[in-house]
Amino acid sequence: MSSASGGCDGSLRYVRRVTSSDATAPHPPVPALELPPTADGFTAQFLRNLNFDGGVTLADASTNDRYLALARTVRDYLMLHALADQQRQAGAQAKAVCYLSAEYLLGNQLDNDLLAGDLAGVAADAMAACGIDLDELRRHEIEPGLGNGGLGRLAACFIDSLATLGVPSIGYGIRYEYGIFRQTFEDGQQVEQPDAWLTLGAPWEQPRPEAAQTVSFGGRTETVDDAGTVRSRWIPEWNVSAVPYDYLVPGFRNGRVNTLRLWRAKATDAFDLRIFNSGDYEQAVRAQTFAENISKVLYPEDSTPQGKELRLQQQYFFVAASIRDFLDRLPEDFDLARLPERVIFQLNDTHPVIAVPELMRVLVDERGLTWDAAWAVTQQCFAYTCHTLLPEALEVWPVELLGRLLPRHLEIVYRINEEFLAAVRARFGDDEMRIRDMSIIAEFPVRAVRMAYLATVAGSRVNGVAELHSQLLRDKVLPAFAEFFPEKFTNVTNGVTPRRFLRLANPGLSALITDAIGDGWVTDLERLRELEPLAEDAAFRAAFAAVKAANKRRLNDVLQARDGMRVGDGHLVDVMVKRLHEYKRQLLKVLHVVSEYEGVVSGRIALADLQPRTVLFGAKAAPGYAMAKRIIHLINAVGSVVNTDPRLDGRLQVLFPPNYNVTLAESVIPAADLSEQISLAGKEASGTGNMKFALNGALTIGTDDGANVEIRELVGDDNFFLFGMTEPEVADLAQAGYHPAAFYQEDAGLRRAIDLIASGAFSGGDRSVFEPVVSNLLYEDRFMVLADYSAYMAAQQRVDAAYADEDGWTRAAILNVARCGFFSSDRSIRDYIDRIWHTPPTS
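Computed from a predicted model, the values in this text were never measured in an experiment.

Undergrad: Help me understand the sheet that holds strand 17 (residues 448-450), please; the structure alone is not making it clear to me.
TA: Two modes of strand pairing occur in sheets, parallel and antiparallel, and in both the strands are linked by backbone hydrogen bonds. The antiparallel open sheet is built from three strands, whose spatial order is 15-17-16. Sheet topology places strand 15 (396-398) and strand 16 (441-442) at the edges, where each strand pairs with a single neighbour. Here two bridges tie strand 16 to strand 17, and the two strands are oriented antiparallel to one another. Note that in strand 17 the partner of A442 across the bridge is A448.

Undergrad: Would you mind going over the sheet that holds strand 22 (residues 652-655) with me for this structure?
TA: Reading across the sheet, the six strands line up as 22-21-20-23-24-25 and stay open at both edges, with parallel pairing between neighbours. In the strand order of this sheet, the two ends are held by strand 22 and strand 25 (720-722), each with one partner. Strand after strand, the sheet turns through a mean of 20° between neighbouring axes, direction not considered. Where strand 20 (residues 572-577) meets strand 21 (residues 613-618), six bridges bridge the pair, whose relative direction is parallel. Note on strand 21: the bridge partner recorded for V577 is G618. Helix 23 (residues 586-602) contacts strand 20, strand 21, strand 22 and strand 23 (674-677) of the sheet and is inclined by roughly 155° relative to strand 21. Running at roughly 85° to strand 24 (residues 699-702), helix 33 (residues 806-819) makes contact with strand 23, strand 24 and strand 25 of the sheet.

Undergrad: What's the story with the environment of H838 in this structure? I'm lost.
TA: As for its position among the elements, H838 is in the segment after helix 34 (825-837). Look at H838 and you get partly exposed, because its relative accessible area is 46%. Once the C-alpha coordinates of H838 and A82 are considered, the two residues, 756 residues apart in sequence, prove to be 23 Å apart. What H838 contacts, discounting residues up to four positions off in sequence, is K95, Y832 and I833.

Undergrad: Got a minute to help me understand the pattern of salt bridges in this structure?
TA: A side chain with one charge can pair with a side chain of the opposite charge if their charged atoms come near. On inspection of all chains with the given rule, the structure shows 55 salt bridges. Note that D431 and R434 form a salt bridge whose closest N and O atoms lie 3.9 Å from each other. For D431, a relative accessible area of 31% gives the class partly exposed. Between K584 and E684 there is a salt bridge, with the nearest N and O atoms lying 2.9 Å from each other. Of this pair, K584 sits in the loop between strand 20 and helix 23 while E684 sits in the loop between strand 23 and helix 26 (689-695); the two residues are 100 residues apart in sequence, bridging distant segments of the chain. Like K584, the residue E684 is buried in the burial classification. Via salt bridges that share partners, R208, D246, R261, D325 and R329 belong to a single interconnected network.

Undergrad: It is not clear to me how helix 33 should be interpreted in this structure. Could you clarify?
TA: Three- or four-residue spacings in an α-helix give side chains the same orientation, since the helix completes a turn every 3.6 residues. With 14 residues, helix 33 extends 20 Å from end C-alpha to end C-alpha; this agrees with the ideal 20 Å at 1.5 Å per step. Across the 14 residues of helix 33, 11 count as buried, placing the element largely inside the fold. Along helix 33, the residues that are buried comprise G808, W809, T810, A812, A813, I814, L815, N816, V817, A818 and R819.

Undergrad: Would you mind showing me how to read the side chain of E727 here?
TA: Residue position: E727 is located in helix 28 (residues 727-736). The contact partners of E727, leaving out residues within four places of it in the chain, are L472, K476, A681 and G682.

Undergrad: Please clarify how the nonpolar core should be interpreted in this entry.
TA: Soluble globular proteins tend to pack their nonpolar side chains together in the buried interior. Counting 161 residues, the largest nonpolar core has F217, F317, F326 and L339 as the members making the most contacts within it. Each residue touching F326, except ones within four places of it in the same chain, is listed here: A96, C98, I170, Y172, L339, R342, V343 and F345. Formed by 105 residues, the second largest nonpolar core is a distinct cluster that contains I513, A707, M725 and M784.

Undergrad: Which parts of the structure should I look at to understand the pairing of strand 6 (residues 189-193)?
TA: It is a general feature of regular strands that their side chains alternate between the two faces of the sheet. Here strand 5 (residues 182-186) runs beside strand 6; their pairing, made up of five bridges, is antiparallel. If you follow F185 over to strand 6, its bridge partner there is Q190. Here strand 5 folds back onto strand 6 in antiparallel fashion, the turn holding two residues, of which D187 has a positive phi close to 55°.

Conventions and cut-offs
- Residues numbered from 1 in each chain as written.
- Predicted model: local features only at pLDDT ≥ 70, side-chain atom pairs only at ≥ 80, totals over all residues.
- Heavy atoms only, no water.
- Pairing = 2+ DSSP bridges.
- Helix = DSSP H or I, 4+ residues; strand = E, 2+ residues; numbered from the N terminus.
- Axes fitted to C-alpha atoms, helices over the stretch in contact; angles between N-to-C directions.
- Contact = heavy atoms within 4.5 Å.
- Buried < 20%, exposed > 50% of the residue type's maximum accessible area, 1.4 Å probe, protein only.
- Salt bridge = Lys/Arg side-chain N within 4 Å of Asp/Glu carboxyl O.
- Expected span 1.5 Å × (residues − 1).
- Core = buried A, V, L, I, M, F, W, Y, C linked by side-chain atoms within 4.5 Å.

So, in structure tokens, the structure goes:
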């Protein structure tokens, strides 16, 4: 190593000096870094961070010290591009996307940023030169669990694609101190533990305390005469400070680096010295504790009035800070009537919809626009994505709570509603049933603000997230609004980033694809179509099968080290990983397992005829969702019996690794043979797990629901295991009157499975343990598990027959990969640009 390089003796020997040309440049880069990066330069910066930021030498550094220094070094290189991007954006004054989301499930950042910044090679060489095991540092990273499931993973995919496509954007959210809980099992039951993801440091974030915003709550409003104009003015009762923490979001090797800005709540007057000196230490810091609760926990339990209030505080907190933050970026003399030329705020579900009255308040009360001018601006600055078909998932906020916490905003909502209903009456007359159905304010069971209605009235566009979902959104969820605003409704089918969920998660398959068609597929996923002819190539099928086998071995290594589990040799890997909710029908999968088990132990199924299969679940239940937690208990109980019964000889097993997250997903998805997407038709908005599995060569067994419809249409019926009722058939059955007990009586296999659960066979003989689950199935079964059971079992027989033909299965798996390039989040973002945002990429 030359003298102008970083040594690995624990001291820094190289810092490039500023040259005269650097000093005279209008915007000189940070002088200590080389571009393009070299291993020597990377080593030097790593040691600089280790020595000066970490305060340790290489010899004395812990694994955490080394990880933090490596992360900061990667961030330093990305920051060069970020600073240049900020200058370009300020000069271009281009329209930006502000993505407002309560969730971001980012996954581990190290490998993603190394890949995007094309730094993996120099980082590996630098760490090797220093005698550091890069894989050990990878394993040390803790992913930020700032989301609950698909909503947060989608948001993370979208901000990745926005950067990769070169679209100016800022993601806004909350920096939860404790993310989605860490799940453990005790006696098979879910126990929630704090997710202290910040414990060992957060090297990927950049605090920006100078950009803090003040967010207000409570108080009252008063009417004032402002130079002859009567205005309403908000007199808040208390304030909190929103402190931003920035994450860099690099595009894939294009020099673009966007920003994810997460807000942390702090008290504006955190410490009262006078009270402290009087001896009341608890009271002296009470304001700080109260304020920091806002960003303490992702989705606090909201079954109590206090929990509901905290959720609303969270939602308003982050959108109020975000709107003000964006407005602060505009020139002082900017004409706010032109705001739609500069920004579109995308509302990711109903959580950020309180942003609508907040922007109106700022424009009218603080910036002096007339109501009509402000409303014209607001209607062009928002777009709303609906992510559900379940009525209970469309948020409503009681008027009493909203008025107490945000009194001025409630006034604004009332006026928006008044003017909207006047327009409805002008078109349809005094149809009071229509007026009641379309009012933003619901009257029963309590007076409340329907946030989806508010978003629809205020937004320039409303989109669903799959073709079927968007159709049902228009026809069944918001039909009156679709009739009134037909031009507003559109569809953007979800997608996933191929960088994380194929290139990083499945390096073996990625290499095979690149060898076959080149590497352009990473940013143009439709190029996977070029693989289609290779499904008929025996050598390619053999290589593809070898990759799948290697992925199963990798999964075994992860599960063994993580949970002491392993997939059976030669087993079909059957995976159902998603949030635990009754509509997703994990119970249907359990009934399949119980039926197979009962068949073998009763002698009706010969053991030799049982397809060896490992069923792998991954799911968290919301802490207050009692039935979901009972289902988790049942899955674990069934697994504990099935996995230890010698009569099965290990040919059927159930694995349920706790705390499923993005990191584990990156090992599970590439190893899967079968993807379970079995929700009741008409209940799943889209799904993105179904896309990830298909892209990684798993075949889908599923209903015609959500994006399953589009997957099946693309991959072909022969390469998809379809079963179950269609959405119209579900609606007809519900209309006729659904009686689940009738299906129980008519299907002997179903009856045997339910009776076995009811007998206490999986609960040590205690029949009461799973009685609520059995009773729910027999007498309510809201999501029609029993109605689809027979069709599901028949589909699983087709799966067994298909898997017995190894060559045919591999051919079908290759065609799934080749035909699913449509499900790139890059395509989704292009659709948003074309149909909703009109924000072209900038060079």
